[in-house]
Amino acid sequence: MNLANRITLVRIFLVPIVTIFLLVKLNLGSLTIGEYSISYNQVCALLLFIIAASTDGLDGYIARKRKIVTNLGKLLDPLADKLLMAAVLIALVEMEKLGAWVAIIIISREWAVTGLRQVALLEGAVLAASKWGKWKTAIQITMIIVLLLNNFPFNFIDLRIDLVVVWAAVLITVYSGVDYFLKNKNLIPVSD
């Protein structure tokens with residue numbers, strides 16, 4: 001197994017660890033700054049999420065640079081991304097930091113696009129990520145970081161950046177999904 005695929009596997013193995021830190025009460029204490037408080041569980045989850053999210057671009061870069069792109073990597077990389085994002089979004093819903101409807105929209109878009117990519121593969125085509133898809137990923141990661149930070153440092157000035165990034169994530173997620181389907185509508189069979 002090559003280095004890029006190992007990095008992807010690390011991202012997959014981080015998913016349950018991040019989830020445990022978010023959902024299991026480990027009572028590691030809290031970091032408090034004035035009126036701001038964040039549990040060390042959440043800090044650990046945040047750091048692991050950032051590491052996992054940053055490996056997304058790294059594994060692809062290494063695979064292309066070293067010319068070691070494999071079918072396993074093509075399968076595991078998007079799977080790892082979706083597992084990480086879905087797990088954290090569901091945990092945020094459970095923690096009451098994110099509305100379930102937001103998680104449903106984001107997860108549904110991800111699986112719908114994955115389905116379209118599978119149809120394309122059956123037709124012998126590979127659908128590359130669009131610029132909107134890359135923006136979508138960046139905004140979703142930003143949203144998760146802001147939510148895990150409990151809107152820090154913006155909470156000190158009563159600025160609801162958390163709401164702004166949630167709405168931005170929803171809007172760009174929907175737009176990028178619609179854009180993806182419109183650009184690839186020729187792959188969608190209208191009749192058998």
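For the structure itself, consult the block above.
Because the structure is a prediction, the values reported are computed rather than measured.

Caption draft 1: Structural view of the environment of Ile38. Position of Ile38 relative to the elements: it lies in strand S2 (residues 36-39). On the basis of relative accessibility, which here comes to 4%, the residue Ile38 falls in the buried class. Along the backbone, Ile38 and Phe152 are 114 residues apart, and their C-alpha atoms lie at a distance of 9.4 Å. Those residues in contact with Ile38 that lie beyond four places of it in its chain are Ser30, Leu31, Val43, Leu148, Leu149 and Asn150.

Caption draft 2: View of the packing of helix H2 (residues 40-65) against helix H3 (residues 71-94). For the pair H2 and H3, the least separation of the axes is 11 Å and the interaxial angle reads 160°. Here H3 runs roughly antiparallel to H2, going by the angle between their axes. Crossing of H2 against H3: the hand is left-handed. Contacts between H2 and H3 involve Phe49, Ala52, Ala53, Asp56 and Asp59 from the former and Asp77, Asp81, Leu84, Met85 and Val88 from the latter. Of the residues assigned to the contact of H2 with H3, the class counts are six nonpolar, no polar and four charged.

Caption draft 3: Geometry of the environment of Trp132. Within the secondary structure, Trp132 sits in helix H5 (residues 131-148). Trp132 gets classed as partly exposed once you look at its relative accessible area, which sits at 28%. It is 8.5 Å that separates the C-alpha atoms of Trp132 and Thr173, two residues lying 41 residues apart in sequence. Other than its neighbours up to four places away in sequence, Trp132 contacts Ile172, Tyr175, Ser176 and Asp179.

About the criteria used
- Residues numbered from 1 in each chain as written.
- Predicted model: local features only at pLDDT ≥ 70, side-chain atom pairs only at ≥ 80, totals over all residues.
- Heavy atoms only, no water.
- Helix = DSSP H or I, 4+ residues; strand = E, 2+ residues; numbered from the N terminus.
- Buried < 20%, exposed > 50% of the residue type's maximum accessible area, 1.4 Å probe, protein only.
- Contact = heavy atoms within 4.5 Å.
- Axes fitted to C-alpha atoms, helices over the stretch in contact; angles between N-to-C directions.
- Parallel < 35°, antiparallel > 145°, perpendicular 65-115°, else oblique.
- Left-handed = near helix turned anticlockwise from the far one by under 90°.
- Nonpolar A, V, L, I, M, F, W, Y, C, P; charged D, E, K, R; others polar.

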